[in-house]
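Take a look at the letters that make up each chain.
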There are 4 protein chains.
Amino acid sequence: MTSPIDMTRKIPVAVLGATGAVGQTFIRLLENHPWFTVAEVAASERSAGKSYAEATRWLEGELPANVAKLTVTPITQDAVRSPIVFSALDSSVAGDAEVAFARDGRMVFSNAKNHRMLPHVPLLIPELNADHVRVLDAQRKHHGWSGAILTNANCAATVAALGIAPLHERYTVTRLFMATMQAVSGAGYPGVPSLDILGNVIPYIADEEPKLEAEMGKLLGTVQDDVIVHAPIRATSHTNRVPVEHGHTVCMSIELEKKCTPEEAMRTIDEWQGAADALNLPSRPLRPVVLSYRPDRPQPRRDVNAGGGMTVTVGRVRADNIFDLRLVAMGSNTIRGAAGGSILNAELLVARGVIPRA
Amino acid sequence: MTSPIDMTRKIPVAVLGATGAVGQTFIRLLENHPWFTVAEVAASERSAGKSYAEATRWLEGELPANVAKLTVTPITQDAVRSPIVFSALDSSVAGDAEVAFARDGRMVFSNAKNHRMLPHVPLLIPELNADHVRVLDAQRKHHGWSGAILTNANCAATVAALGIAPLHERYTVTRLFMATMQAVSGAGYPGVPSLDILGNVIPYIADEEPKLEAEMGKLLGTVQDDVIVHAPIRATSHTNRVPVEHGHTVCMSIELEKKCTPEEAMRTIDEWQGAADALNLPSRPLRPVVLSYRPDRPQPRRDVNAGGGMTVTVGRVRADNIFDLRLVAMGSNTIRGAAGGSILNAELLVARGVIPRA
Amino acid sequence: MTSPIDMTRKIPVAVLGATGAVGQTFIRLLENHPWFTVAEVAASERSAGKSYAEATRWLEGELPANVAKLTVTPITQDAVRSPIVFSALDSSVAGDAEVAFARDGRMVFSNAKNHRMLPHVPLLIPELNADHVRVLDAQRKHHGWSGAILTNANCAATVAALGIAPLHERYTVTRLFMATMQAVSGAGYPGVPSLDILGNVIPYIADEEPKLEAEMGKLLGTVQDDVIVHAPIRATSHTNRVPVEHGHTVCMSIELEKKCTPEEAMRTIDEWQGAADALNLPSRPLRPVVLSYRPDRPQPRRDVNAGGGMTVTVGRVRADNIFDLRLVAMGSNTIRGAAGGSILNAELLVARGVIPRA
Amino acid sequence: MTSPIDMTRKIPVAVLGATGAVGQTFIRLLENHPWFTVAEVAASERSAGKSYAEATRWLEGELPANVAKLTVTPITQDAVRSPIVFSALDSSVAGDAEVAFARDGRMVFSNAKNHRMLPHVPLLIPELNADHVRVLDAQRKHHGWSGAILTNANCAATVAALGIAPLHERYTVTRLFMATMQAVSGAGYPGVPSLDILGNVIPYIADEEPKLEAEMGKLLGTVQDDVIVHAPIRATSHTNRVPVEHGHTVCMSIELEKKCTPEEAMRTIDEWQGAADALNLPSRPLRPVVLSYRPDRPQPRRDVNAGGGMTVTVGRVRADNIFDLRLVAMGSNTIRGAAGGSILNAELLVARGVIPRA
């Protein structure tokens, strides 16, 4: 992870929804970031005016000292002045707030679902669809914004899309069956009550299946005439909550347009590097997708931190009895599938010069 | 659960592999059984000659007093004299041992995989395929046995087959995608090390997928010319181990020959009673399959004991994006999926008069 | 569990705080109760006016049909008319509400901490201190109530007190060291977030240690001059939350006034029956305290349902290096330690004739 | 963690019992060690002759490439030639094997219990009792060894001793009550079956309590006349297994000879640095003991990796009702309490010049 940028002049960034679980992960990942520095933290009225340390029930590791003492601001474009805005807002407020920032000229990198499916809003994974950034001019023109909104996908969709990306690029995925086993951290904090999940499986996550199915097509889509056209993938899914802390596991059966053997598939996954654009971004892992040859991997507790939480591990590549291939993909829902994904997206925009270096 | 039989003259039964986890479940379920009484317990050389209490690390609840004092015998047809033999043997020894008992005139009800796929051996679930018993004469003739072997299916296959049985009977399942989340008790004792499964998912269970896929066709098959002909179902599966004590959950996408709406499917499941033959068997639950209308059910910890562990709970019946329907089935792997299933099978044979009442 | 009362004329009871976790346990345990029938369910303004089924997210098993259709009433003595009132109210509202009912002539059996330590309010465990009921006249006189308030102890205190009661009666406990490992259900629903407790221990439960320590003395105290005088036990405690669904485990080191060997202690525990008054109460288990001789018991998952959740299991009785004895006690926090304990208390009052049979 | 030693000439070390869980942790921690390099791996006959990769079911992270290809040797002083020997042997074989190596001139750093309590064998924690190394000459003379055996303590004893060390040094601990909640990794692999511990507590660990109690006195003892004299601490304990992956938690009530307030105790813990000898050792964490001021800490899942697993976190310092103080200590059983502790011990011997630099 190289950082060719002048480290003495980092770009100030703001985190919206900074006190929640995703907001905290942003702050944790941005500590010591080579290009960005957390200059502002914004949260709901209840927290505004307090110091961040005071306003927050910090969940994991140590709260970075420089952020601890920041004063929490309201979530308005007047109170928050940073040119880059990471949004960890709840979808109940993200819609209007993010638009207000985009209209005001900011680059908004959002985890919320609100704008994900708009045709001019990239659902961005740099290794996979960096060129979706090309729709930004149309976005600005269409909406009349001087800034822009870029989104990252649902956490399970991110893992699934990266898991099949190498195969899709070469063989074209046409139909896709998915069954997920998702970690409790995907539900935020306090999230899932322990009485519901200890020693149990909940075969349902509200609104998750439609999101997962719809986002796969957009993530693997292409840019045509300034809009993102979905890949013609038919996807169906079963989403489940399991008593795992971090790491979403996705079992997939895949139909391919061009046929390949499991061995060819494994070689393809093993060789895949992803889009060249992403290669030198600071948060980009050595390998965005790693193939495990052990028969019983990937496993969330053992593989979730691969590549600092930015690598998706794929395993059990084998023939399917109905479609062509079966495999399992697993990745971090909190890092790659949320805050880490957003940060990587922002890095791509800086590297491409869309966002000026400080 | 009625018991029209004379309780003063119960049929003596033997449990082979009595000290293991499945063997213990047999003994627990047979305590106070209206028709059967555990007269003999057989286990490996290491245990033979000891009292059952001494030879066994009893896992759940209280060891029934009358069994505690039985002397463990070797697993031979000379040492074990009961007419009904429940086999909880490991597949490494079940093959020869079960044949020896069948040849010697005993009715062997087996949990082992060894003889499951033989064309004259029923893979029996009374509510589902009671008429498969019709192949027994051919079995005896073909193998030259005076007794017989009847098997119950793999625990996940049992849950899946009961879950789709109501739909298959009316609409005919043609293709089937399954993803399982299986409890640790399915691996026996000591089974899965806690270091492997605490807060984790293992996306692999050795040899499970081929068994699950193959057994579905046989379970839902028909008898033609004295052999069981598999239903032409194409099945594919992903089997996973999860940190759940008891209860296997199976997510399924189902293609049907005759189309139906989710509402029709729900009505069909709700009305299903299973084969009339099974109705008055002592271990038969009030309902072999129960439909839950709650959006987040079935759940293993909350539903595994439905019908005393003999009922499979089905939920989340909805349309599929690729096939026709999606649903989730969950049932007890240790009761319905193992010892309880075998006992129900033996009850069917007694009720049909194949096994004479004492 | 005998029920000599005329079952055709059950006593109507009300459950206050009926929609919460403890309220639900009351309703579950009172289904088919031989003496009581749930006639009224009361809850906060938000729920009042709805049917109970509509107002409640039912957590365990099936909601009893007769209660499902009851209309939830407000928590006022005008709206609720039953002579017996079980209070599962949160301590933030229990104080005033329970007094209002007692003043109005009702017998209030409370799980809340608010009135537990008042000198005229019994902290009742029938097998242990049934004669504490003698202070009720003084309570009425002192407070000017025509009804009364009877409380049951903190769930951990209940388990600990029953665990040492046999020894205290014969040898007198003088000093007591306790370390608890408490189930998540002790915190109610939604209670402990799964992100806090999966694969973790939280060595702190807010306000638990002072309650546990103070209540031990009162539970084991005696009635003198119409007030309950605490036993002079010096108690110290460490309370911990562990990833267990139900069942609080308490490790104890005990100093005794009269010395005894571990063997004598075990015999004493084994023989203990508790107060004769309690013997024929419907919810009284066969044995209030059971001694396990297995080296690694009691265990919450395996022993929590002993005696229908009303039996405390004691094990590992051995010499202590500082005090006299060490042992482990484990019992159900939701049954014996909460709703079941309250119901048993009400049964005692009926059996003693303090509450008239219907 | 400074490393003033010439890194081009590392000291070759051997790991005995290299394929087990503790052996693997040694290999993981020694990867990139500035002073030591794993030159030899020894294990039982069954593994000898195979490559380490072949002989081992590697549990955590990636197997270091240079060790993967080493050939496993038998556990004999002829086959193993390294001057430093880390013993992760099971106690059933450690006794004789370690003596054989010590007699042959090797410095043996052992995790096994066999020699821990011998009066001339240090039970070493460098920050706590570095001067116990002074008995080594007497050890050699007494046993006629040209090498030596140094042991590290039981994992729970290590956490408890470091937790109270700051207070003991200043105020002298005289009596000590301990209740532990120990992680499953303390039982090795496969260790605790998941069916025993999922959602459960086991209030018993075989042989653990006597070890824990006895070792506390030796760890905190002093050297007099060439033997280690135990500190006159009376200790009693309750040891429990809980469903936690890594990290032992110990609740303690402490009696002190010189009284102090909780505030003074906290200050004392906060200021403690441990023996100066340990300060520059490579594996020594910045702080061997860290005081947490949060009310609900330490917690194993959140604090076990403090100081790379070498720091013990102490919290909840408060007054005790019977003794003087209560507190909770938590630390890594696999790092500080096992392999990491041994490595630190070896570093101390190198830094003191007892072991010559390569």
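Sequence order sets the numbering: in each chain, residues are counted from 1 along the sequence as written. Both sets of labels track the order of writing: A upward for chains, 1 upward for ligands. Side-chain atom pairs in this predicted model are given and counted only at pLDDT of 80 or more, local residue features only at pLDDT of at least 70, and totals for whole chains, interfaces and linings cover all residues.

The next subject is the overall build of chain A. In DSSP terms, a helix is any run of H or I states spanning at least four residues, a strand is any run of E spanning at least two, and both are numbered starting from the N terminus. When helices and strands are tallied, chain A shows twelve helices and 13 strands. Just to be clear, the radius of gyration here is over C-alpha atoms, and the globule rule we use is 2.2 Å times residues to the power 0.38. Here the C-alpha atoms of chain A give a radius of gyration of 19 Å, agreeing with the 21 Å that 2.2 N^0.38 yields for 358 residues. Principal axes of the C-alpha set define a box for chain A whose edges measure 60 × 50 × 35 Å. Within chain A, the fraction of its 358 residues that count as buried is 61%. Once C-beta atoms are placed from the backbone, any two residues with those atoms within 7 Å are in contact. Within chain A, contacts between residues separated by at least 24 positions form 75% of all contacts whose residues are at least 6 apart in sequence. Residues with at least 20 other C-beta atoms within 10 Å of their own are called buried, those with 12 or fewer are called exposed, and the rest are partly exposed. The C-beta atoms themselves are positioned from the backbone.

It is worth spelling out the pairing of strand E10 (residues 248-256) of chain D at this point. Residue and element names in this part refer to chain D. Judged by how many residues are buried, E10 sits mostly within the fold: nine of nine residues are covered. Residues His248, Val250, Met252, Ile254 and Leu256 point to one face of E10 and Thr249, Cys251, Ser253 and Glu255 to the other, with burial holding for every one of them. For two strands to count as paired, DSSP must find a minimum of two bridges between them. Where strand E6 (residues 173-182) and E10 come together, eight bridges link them in antiparallel fashion. Opposite Phe177, over in E10, you have Ser253 as the bridge partner.

With that out of the way, let us pick up the relation of the copies chain A and chain B. Least-squares superposition aligns the copies on the C-alpha atoms of those residues with pLDDT at or above 70 in both. The transform that puts chain A on chain B rotates by 180° and translates by 0.0 Å along the axis, for an RMSD of 0.0 Å. Expressed as a symmetry operation, the mapping of one chain copy onto the other fits a two-fold axis. Of every C-alpha in chain A, the one belonging to A:Ala179 sits nearest the axis of rotation, 3.2 Å from it. Of all interface residues in chain A, 100% are interface residues in chain B too; the two copies therefore contact each other through one and the same surface.

Turning to helix H4 (residues 91-103) of chain C, a few remarks are in order. All names here are of chain C. The span expected for a helix works out to 1.5 Å for each residue beyond the first. Helix length check: H4, at 13 residues, gives a terminal C-alpha distance of 18 Å against a target of 18 Å (1.5 Å per residue), a fit within 8%. Within H4 the residues assigned to the buried category are Ala94, Ala97, Glu98, Phe101 and Ala102. Contact partners of the buried residues in H4: strand E1 (11-16), strand E3 (84-87), strand E4 (107-110) and strand E5 (148-151). After H4 finishes, the residue Gly105 shows a positive phi value of roughly 95°.

On to the domain arrangement of chain A, then. Residue and element names in this part refer to chain A. Delimitation of the domains relies on an automatic or database domain assignment. Each domain of chain A was delimited in the assignment, giving domain 1 (11-154 + 339-351) and domain 2 (155-332). The distance between the C-alpha centroids of domain 1 and domain 2 comes to 24 Å. Contacts between domain 1 and domain 2 engage 34 residues on the former and 32 residues on the latter. Within the residue set of the side of domain 1 that touches domain 2, elements represented by two or more residues are helix H5 (126-129) and helix H12 (335-351).

Below, the discussion takes up the environment of A:Pro288. Residue and element names in this part refer to chain A. Tracing the chain through its elements places Pro288 in the loop between helix H10 (262-271) and strand E11 (289-291). Note: C-alpha distance between Pro288 and Trp272 (16 residues apart in sequence) is 8.4 Å. In contact with Pro288, other than residues within four places in its own chain, are Glu127, Leu162, Gly274, Thr311 and Val312.

For sheets, the rule is that strands pair by backbone hydrogen bonds, running either parallel or antiparallel. All names here are of chain A. The six strands lie next to each other as E9-E6-E10-E13-E12-E11, forming an open sheet whose pairing is mixed. Edge positions in the sheet fall to strand E9 (234-241) and E11, since each has one partner strand and no second. Across the sheet, the mean angle separating the axes of adjacent strands is 20° when strand polarity is ignored. Relative to the sheet, H10 contacts E11, strand E12 (312-319) and strand E13 (325-331), its axis offset from that of E12 by approximately 165°. As a rule, the C-alpha atoms of each element are fitted with a line to give its axis, helices using only the stretch in contact, and angles between N-to-C directions run from 0 to 180 degrees.

Next up on the list: the interface of chain A and chain B. Interface size is commonly expressed as the accessible area that is lost once the parts come together. Contacts between the two partners involve 34 residues from chain A, matched on the other side by 34 residues from chain B. Among the elements of the structure, strand E6 (173-182), E9, strand E10 (248-256), helix H11 (300-303) and E13 of chain A are those that each provide at least two residues to the side of chain A that touches chain B. The dominant element in the side of chain A that touches chain B, judged by the number of residues it contributes, is E9(A), at five residues. Under the scheme applied here, ten amino acids are nonpolar (Ala, Val, Leu, Ile, Met, Phe, Trp, Tyr, Cys and Pro), four are charged (Asp, Glu, Lys and Arg), and all others, including Gly, are polar. Partitioned by chemical class, the residues of the side of chain A that touches chain B number 16 nonpolar, nine polar and nine charged.

Attention shifts here to the sheet that holds E10(D). Residues and elements named next belong to chain D. Spatial ordering of the open sheet is given by E9-E6-E10-E13-E12-E11, a layout of six strands whose pairing is mixed. Sheet topology places strand E9 (234-241) and strand E11 (289-291) at the edges, where each strand pairs with a single neighbour. Averaged over all pairs of adjacent strands, the angle between their axes in this sheet comes to 20°, without regard to strand direction. Sheet analysis places E11 next to strand E12 (residues 312-319), joined by three bridges and oriented parallel. Note that in E12 the partner of Val290 across the bridge is Thr313. Seen against the sheet, helix H10 (residues 262-271) touches E11, E12 and strand E13 (325-331) and runs at an angle of roughly 165° to E12.

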